[in-house]
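# Structure assessment
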Amino acid sequence: MLLKKFVILFPFIVLLIFGINACESDPCFFPKEPGLYLQVYLKPDTLATLADLDTVWLGETNNGVKKRYVKGSFYLPLRQDRDSSSFKFLFKGATDTVILKLHYGRKTGLASAECGYVTFYENLAVNRNTFDSLVTVQNFIDTSYAVHIRTFLQR
Amino acid sequence: MAQNVSDSVRTDGIRFGIDVIKLGQGISAGNLNNGLEGFLAWNRNKQVYVVELGTANINKAIANFQESSKGAYIRLGWEKNMMRKGDDQICLGGRLGTSIFQFQAKDIGLTSAQYGNYVITLPAKNAYLFWLEANASARINLTSWLGLGTTIRLQRKIAENFDTYYYPTNIPGYGNFSKTLAFGFNYYAFIHIPFKKYRIPPTELKPRGSK
């Protein structure tokens, strides 16, 4: 008799539990716009901060990029509709702008069910660079905050 | 006290039925193509052999995209009936499941504060998934030929052919792919066709622990 009651009532119990859980949605912990993380050393041992950077321009449009400094590096958003992006930097105390042009492959992929699809970048290559020196640390850009390019600039 | 005769018999037979929750969802949506599931179980003494078949056509808005998954699935398994007498069953067992389906991510909204937003659709992809399940089932007869049953399943995926960055979140017959261990359940209405009825030996009916 107990078994009969359990089986008859089972869908109502489960739907009640699932109904309550369905109201909760998991948060997204990944950045929804993966981009390049650039470290700039103004002297061999001095990491540039937001205070050192005057302006970042998108190379082709001359629109300013909102400056973001994330975990010791500058965040640069990459074009999701083209295989290249350009940036011009103006550092305080410097007269010349520094140019960085990048080339990459794009891949639209699922970051997670909570975050949805984002653009990943692979085979990152530097086409043009007027920093004094540059090292590509990682040529794949995903949703992590890893540094991709490390640059050095004498002032 | 004399043993009730109907309680001291066991029946070999088949049960076949349909998932009434999926059927109800299809009727309420006005489209039975959204998915149906049925089962066939053959029991011989305490051994129960189960086949579950289903179709699904899932269209769901998730985060910044619309996902569609369409396909069919099958689960094959075995259970042991833990009830000592009567036609009602409480079973424990396992299944091997496979789903063959096509999925597609549509209307993906990629956002960029600097460059503007883009909407793209990725191509449809054929895929499969194999998984193993541990099951607990309960089936009761409301009449001699009609009954209700439920199955609770704990699933673990074992093989699939998805890309690292392009995979479905909802899989027909399995559910949420992002979970390594997934729970699921079914609720069936079934028809019971007994083949053979036989009296249970008195030794089997003795209370557990008695000599």
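Everything in this summary refers to the structure shown in the same document.

Cut-off values and rules
Residues numbered from 1 in each chain as written. Chains lettered and ligands numbered in written order. Predicted model: local features only at pLDDT ≥ 70, side-chain atom pairs only at ≥ 80, totals over all residues. Heavy atoms only, no water. Helix = DSSP H or I, 4+ residues; strand = E, 2+ residues; numbered from the N terminus. Rg over C-alpha atoms; globule rule 2.2 N^0.38 Å. Buried < 20%, exposed > 50% of the residue type's maximum accessible area, 1.4 Å probe, protein only. Contact = heavy atoms within 4.5 Å. Areas by Shrake-Rupley, 256 points an atom, 1.4 Å probe, with all protein chains shown as cover. Lys, Arg positive; Asp, Glu negative; His and termini not counted. Charge placed at Lys NZ, Arg CZ, Asp CG, Glu CD. Buried area = accessible area lost by both parts, 1.4 Å probe. Salt bridge = Lys/Arg side-chain N within 4 Å of Asp/Glu carboxyl O. Nonpolar A, V, L, I, M, F, W, Y, C, P; charged D, E, K, R; others polar. Disulfide = S-S within 2.5 Å. Pairing = 2+ DSSP bridges. Axes fitted to C-alpha atoms, helices over the stretch in contact; angles between N-to-C directions.

### Quick notes on the overall build of chain B
The number of helices and strands found in chain B is 2 helices and 12 strands. In chain B, the order of α-helices and β-strands from amino to carboxyl end is β-α-β-β-β-β-β-β-β-β-β-β-β-α. In terms of overall size, chain B is more extended than a compact globule, its C-alpha atoms giving a radius of gyration of 22 Å where 211 residues would be expected to give roughly 17 Å. Here chain B, with 211 residues, has 44% of them falling under the buried criterion. Sequence-distant contacts in chain B: of pairs separated by 6 or more residues, those separated by 24 or more amount to 66%. Total accessible area on chain B is roughly 10,800 Å²; 61% of this is exposed by carbon and sulfur atoms. Across chain B, the mean location of the 25 positive side-chain charges is 8 Å away from that of the 14 negative side-chain charges.

### Quick notes on the interface of chain B and chain A
Of the residues lining the interface, 35 residues belong to chain B; the matching set on chain A comes to 36 residues. In this assembly, chain B packs against chain A so that about 2,900 Å² is buried in total across both faces, 70% of it on carbon and sulfur atoms. Run the count over chain B and chain A and you get 1 salt bridge. In this structure, Asp88(B) and Lys4(A) form a salt bridge, with 2.8 Å as the shortest nitrogen-oxygen distance. At the level of elements, strand 5 (89-106), strand 6 (108-110), strand 7 (118-120), strand 8 (125-141), strand 9 (146-160) and strand 12 (181-199) of chain B are the ones that each hand at least two residues to the side of chain B that touches chain A. The class makeup of the residues in the side of chain B that touches chain A is 24 nonpolar, 10 polar and 1 charged.

### Remarks on the pattern of salt bridges
Residues and elements named next belong to chain B. Within the structure shown, the criterion is met by 13 salt bridges over all chains. Note that Arg75 is salt-bridged to Glu52, the shortest N-O span being 3.0 Å. Here Glu52 lies in strand 3 (residues 47-62) and Arg75 lies in strand 4 (residues 65-81), a separation of 23 residues in the sequence. As far as burial versus exposure is concerned, Arg75 and Glu52 are alike and both buried. Measuring nitrogen to oxygen at the nearest pair gives 3.1 Å for the salt bridge that ties Arg75 to Glu133. Taken together, the residues Arg75 in strand 4 and Glu133 in strand 8 connect sequence positions 58 residues apart. Of the two residues examined, Arg75 and Glu133, each falls in the buried class. One continuous salt-bridge network, built from bridges that share partners, spans Asp19, Lys22, Glu37, Glu52, Arg75, Glu79, Arg95, Glu133, Arg139 and Arg153.

### Considerations on the state of the cysteines
Residue and element names in this part refer to chain A. Evaluated as defined, the whole model comprises 1 disulfide over all chains. Disulfide partner of Cys28: Cys115, at an S-S distance of 2.0 Å. With the S-S dihedral at roughly 105°, the linkage between Cys28 and Cys115 falls on the right-handed side. Of the two residues, Cys28 sits in the loop between helix 1 (2-22) and strand 1 (35-43) while Cys115 sits in the loop between strand 7 (98-112) and strand 8 (116-129), which places them 87 residues apart along the sequence. Under the relative-accessibility criterion, Cys115 is labelled buried at 5%.

### Overview of the sheet that holds strand 3 (residues 53-58) of chain A
Residues and elements named next belong to chain A. Read from one edge of the open sheet, 4 strands run 3-6-7-8, paired in antiparallel fashion. Strand pairing shows two members of the sheet lacking a second neighbour, strand 3 and strand 8, which therefore form its edges. Mean inter-strand twist for the sheet, computed between neighbouring axes without regard to direction, equals 30°. Bridge count between strand 7 and strand 8: 11 bridges; the pairing is antiparallel. Looking across to strand 8, one finds that Leu102 is bridged to Val126.

### Quick look at the sheet that holds strand 1 (residues 9-19) of chain B
Residues and elements named next belong to chain B. Strand order in this closed barrel of 8 strands is 1-2-3-4-5-8-9-12, and the pairing throughout is antiparallel. On average, each strand axis in the sheet is tilted by 25° relative to the strand beside it, whichever way the strands run. Looking at chain direction, strand 8 and strand 9 are connected through 13 bridges and run antiparallel. Of the residues in strand 9, the one forming a bridge with Ser137 is Thr151. Strands strand 1, strand 2 (35-44), strand 4 and strand 12 of the sheet are contacted by helix 1 (residues 20-29), whose axis makes an angle of about 25° with strand 1.

### Re the environment of Ile149(A)
All names here are of chain A. Structurally, Ile149 is set in strand 10 (residues 149-152). By relative accessible area, Ile149 is classed as buried at 0%. Spatially, the C-alpha atom of Ile149 lies 52 Å from that of Val14, the residues being 135 residues apart in sequence. If we skip the residues at most four places from it in the chain, Ile149 touches Leu36, Tyr37, Leu38, Gln39, Leu102, Leu124, Val126, Leu134, Val135, Thr136 and Val137.

### Looking at unusual backbone geometry
Its identity is not glycine, yet Lys71(A) carries a phi of approximately 50°, on the positive side. Residue position: Lys71(A) is located in the loop between strand 4 (69-70) and strand 5 (73-77). Even without a glycine there, the phi angle at Ala63(B) is positive, about 45°. Along the chain, Ala63(B) falls in the loop between strand 3 and strand 4. Ala63(B) gets classed as exposed once you look at its relative accessible area, which sits at 52%.

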